[in-house]
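# Observations on chain architecture
Next come the chains, spelled out residue by residue.
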Amino acid sequence: MRHVAIIGSGPAGFYTAEALQKHYGEDVAIDLIDRLPVPYGLIRSGVAPDHQSIKAVYRRYEKVGLSPNVRFVGNVTVGGDVSIAELQALYDAVILATGAPDDRLLAIPGSDLPGVVGSAAFVGWYNGHPDFAALAPRLDTPGAAVIGNGNVALDVARILSKTTGEFAGSDISDHALNSLARSDIRDIHILGRRGPHQIAMTPKELGELGHLGEAAPHVRPEDLPPLEDDALLEPGMRKSVTHLRDFAAAAPTAKRKAIHFDFFAMPVAIEGDDKVERVIVERTTLTEDLRSVGTGETHAIPCGLVVTCIGYQTPPIEGVPFEHGRGRFANAEGVIGEGLYCVGWARRGPTGTIGTNRPDGFEVAEKIFATFGTANSGKGGPGALDGLLAARGARPVTFQDWQKIEAAEVDRARAGSPREKFTSIPEMLAAIAG
Ligand code: NAP
């Protein structure tokens, strides 16, 4: 029996557990350790609540979580309850699947003013993540700026635009649904420092903005490159740009809210007395290698809320080599050092879709199998971890405990919603106690 600890129970963690099971069958004991009492990471707290079909992949992870040689060990903090060095002493392999939960910081003057929030916090807020449930973003303002031209910027703009009715069937947290219902936001500016051909938005997500009940997307025709240039784009990108062209050509509507695509607009400062009142953007132009450079021409966008959606980073762990420039663990194809691996965003940085994490898990599982084979491990494994945690007074949560939390969340859901998440750890633990 080989013993493997995976830290993080999001998609990367579950795909890796699944891959290890395929290689080892029953000859491996896997502990999936998570600091929260609930599994699934980004599926629960990152994927937009109105994208339930994407979230449905958790059913696949559930099968892994219920198999006899996989344990969910929730409510246990690595670096607090147990250290990496201690886990390495207990397990043949330790795999970091900790994702990239921290925002990349927008380093411009005023980015610390009240009213500026990072997408990790804003997304965590509407998804009921315990760290961000109390965020209370400013919505009593007519203008919002969403900085970045990726899919997260689209998620944020769409959530700010939807009506209460359009959240039917979603699992948006009640506190966010109620706040958004009272929102005064009417003008949402999506700021891209480059142009329409440089967006990181996928067609399905972009197309959704064209079908909102009370909001319409606006693109300035003069920002679009000549139509014939679209032929040079790969097919997915061409579809996305076609959506932008459709938005630019659309007839005016009477919809209450406007989503403005501001291209070639680089935020250079955020200003206001005590709180955000405007973002100063500099008009940009592109260099031959498609980088943005400022032209010196600036203008102000009035807004009381700024959400930065400029990518994420992995928090470093003491003693684990880290690539600061790229915000991920220093690794060679998933290997950090002897017996220490990383997968998913902790390995590659925050790119790709949920499914991109699957091959990562398989690659690392193959490496572990090739290194350790199936000979008996001399390590203490799960039993030894339990002893250590009990001695420290930790309160690990099992997969069966999680299922009690899940059942309680389903029970308390508003009509038509799949669940109403608990937004604090004490509430989650109380649900286990019944
Ligand atoms: P992303 O795709 O990397 O996009 C980040 C955006 O921020 C880029 O447009 C980038 O512009 C811009 N940016 C970076 N630094 C900036 C700065 N200092 N000032 C202004 N703009 C700046 O990141 P993301 O949107 O956070 O998404 C993360 C990953 O999750 C992506 O792989 C995404 O596809 C995925 N995701 C998928 C879905 C879905 O499939 N439904 C939903 C959400 C997220 P430049 O290009 O100029 O650098």
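The structure presented is a predicted model; accordingly, all values stated were derived computationally and were not measured. (Residues numbered from 1 in each chain as written. Predicted model: local features only at pLDDT ≥ 70, side-chain atom pairs only at ≥ 80, totals over all residues. Heavy atoms only, no water.)

For the rest of this paragraph, the subject is the overall build of the protein chain. Secondary structure summary: the protein chain contains 15 helices and 19 strands in total. Principal-axis analysis of the C-alpha atoms gives the protein chain an extent of 70 × 50 × 40 Å. When each of the 434 residues of the protein chain is scored for burial, the buried share is 54%. For the protein chain, the proportion of contacts with a sequence separation of at least 24, taken over those separated by at least 6, is 75%. Roughly 18300 Å² of accessible area belongs to the protein chain as shown, and the carbon and sulfur atoms make up 54% of that amount. (Helix = DSSP H or I, 4+ residues; strand = E, 2+ residues; numbered from the N terminus. Buried < 20%, exposed > 50% of the residue type's maximum accessible area, 1.4 Å probe, protein only. Contact = heavy atoms within 4.5 Å. Areas by Shrake-Rupley, 256 points an atom, 1.4 Å probe, with all protein chains shown as cover.)

Time to look at helix α12 (residues 357-372). A rise of 1.5 Å per residue sets the reference length of α12, with its 16 residues, at 22 Å; its end C-alpha atoms lie 23 Å apart and thus fit the reference within 8%. Residues of α12 that are buried in the fold lie against α1 (11-24), β4 (93-96), β19 (340-342) and α11 (345-348). Directly after α12, the chain includes Gly373, whose backbone phi takes a positive value near 60°. (Expected span 1.5 Å × (residues − 1).)

Close to the ligand lie 21 residues; Asn149, Arg193, Arg194, Glu205 and Gly352 are nearest. At 2.8 Å from an oxygen atom of the ligand is found a main-chain nitrogen or oxygen belonging to Gly352. Contact with the protein chains hides 79% of the accessible area of the ligand, taken as 920 Å² for the molecule alone. Among the elements that take part in the shell around the ligand, helix α7 (residues 151-161) stands out by supplying three residues, more than any other. (Near = heavy atom within 4 Å. Polar contact = N/O pair within 3.5 Å; in protein donor to acceptor, adjacent residues only side chain to side chain.)

Attention now moves to the pairing of strand β7 (residues 143-147). With respect to burial, β7 is a largely interior element, five of its five residues being buried. Neither face of β7 is open: one carries Gly143, Ala145 and Ile147, the other Ala144 and Val146, and all of them are buried. Sheet topology note: the β7/strand β8 (residues 187-191) ladder contains five bridges and is parallel. If you follow Ala144 over to β8, its bridge partner there is Ile188. Examined bridge by bridge, β7 and strand β14 (residues 305-308) share four bridges and lie parallel to one another. (Pairing = 2+ DSSP bridges.)

Let us look at the pairing of strand β13 (residues 292-302). Examined bridge by bridge, strand β12 (residues 278-286) and β13 share eight bridges and lie antiparallel to one another. Bridged to Val279 within β13 is Ile301. Taken together, β12 and the strand that follows it, β13, pair antiparallel across an intervening segment of five residues, in which Leu290 is found at a positive phi of about 65°.

Take the nonpolar core next. Among the nonpolar cores identified, the biggest contains 47 residues, and Leu160, Leu244, Ile259 and Phe261 are the most heavily contacted of them. When residues in this core are grouped by element, the largest group, six residues, is from α7. When we break this core down by domain, the ones giving at least three residues each are domain 1 (2-101 + 312-433) and domain 2 (105-308). With near-sequence residues (within four places) excluded, Leu244 lies in contact with Pro196, Ile199, Leu206, Val219, Leu224, Phe261 and Phe263. (Core = buried A, V, L, I, M, F, W, Y, C linked by side-chain atoms within 4.5 Å. Domains from an automatic or database assignment.)

Now for the side chain of Thr16. For Thr16, the location among the structural elements is in helix α1. Given a relative accessible area of 0%, Thr16 falls into the buried group. Not counting residues within four places of it along the chain, the set of residues in contact with Thr16 comprises Ile6, Ile95, Val343 and Gly361.

Taken as a whole, the protein chain is organised into domain 1 (2-101 + 312-433) and domain 2 (105-308). Computed from C-alpha coordinates alone, the two centres of domain 1 and domain 2 are separated by 32 Å. Facing 27 residues of domain 1, the contacting portion of domain 2 comprises 28 residues. Overall, the association of domain 1 and domain 2 removes approximately 2100 Å² of surface from exposure, summing both partners, and the carbon and sulfur fraction of that is 47%. There are six salt bridges connecting domain 1 and domain 2. For Asp171, the salt bridge is made with Arg419, and the minimal N-O distance between the two is 2.7 Å. In this structure, the connection of domain 1 to domain 2 is made through 16 residue pairs in polar contact (both at pLDDT 80 or more). Ranked by residues supplied to the side of domain 1 that touches domain 2, first place goes to helix α3 (residues 52-55) with three residues. (Buried area = accessible area lost by both parts, 1.4 Å probe. Salt bridge = Lys/Arg side-chain N within 4 Å of Asp/Glu carboxyl O.)

In this section: the packing of helix α14 (residues 399-411) against helix α15 (residues 425-433). Their axes nearest at 8 Å, the elements α14 and α15 cross at an angle of 100°. One way to sum up the angle between α14 and α15 is to call them roughly perpendicular. For the pair α14 and α15, contact is made by Asp401, Lys404, Ile405 and Ala408 and by Met428, Ala431 and Ile432, respectively. Taken together, the residues that form the contact of α14 with α15 break down as five nonpolar, no polar and two charged. (Axes fitted to C-alpha atoms, helices over the stretch in contact; angles between N-to-C directions. Parallel < 35°, antiparallel > 145°, perpendicular 65-115°, else oblique. Nonpolar A, V, L, I, M, F, W, Y, C, P; charged D, E, K, R; others polar.)

Attention now goes to the state of the cysteines. According to the stated counting rule, one finds zero disulfides in the structure shown. No disulfide involves Cys309; its sulfur sits 13 Å from that of Cys303, the nearest cysteine. For Cys309, a relative accessible area of 8% puts it in the buried group. (Disulfide = S-S within 2.5 Å.)

This paragraph deals with α1. A rise of 1.5 Å per residue sets the reference length of α1, with its 14 residues, at 20 Å; its end C-alpha atoms lie 20 Å apart and thus fit the reference within 8%. Taken across its 14 residues, α1 has 12 buried, putting it largely inside the fold. Taken together, the buried positions of α1 are Pro11, Ala12, Gly13, Phe14, Tyr15, Thr16, Ala17, Glu18, Ala19, Leu20, Gln21 and Tyr24. Once α1 finishes, Gly25 follows within two positions and takes phi at roughly 60°, a positive value.

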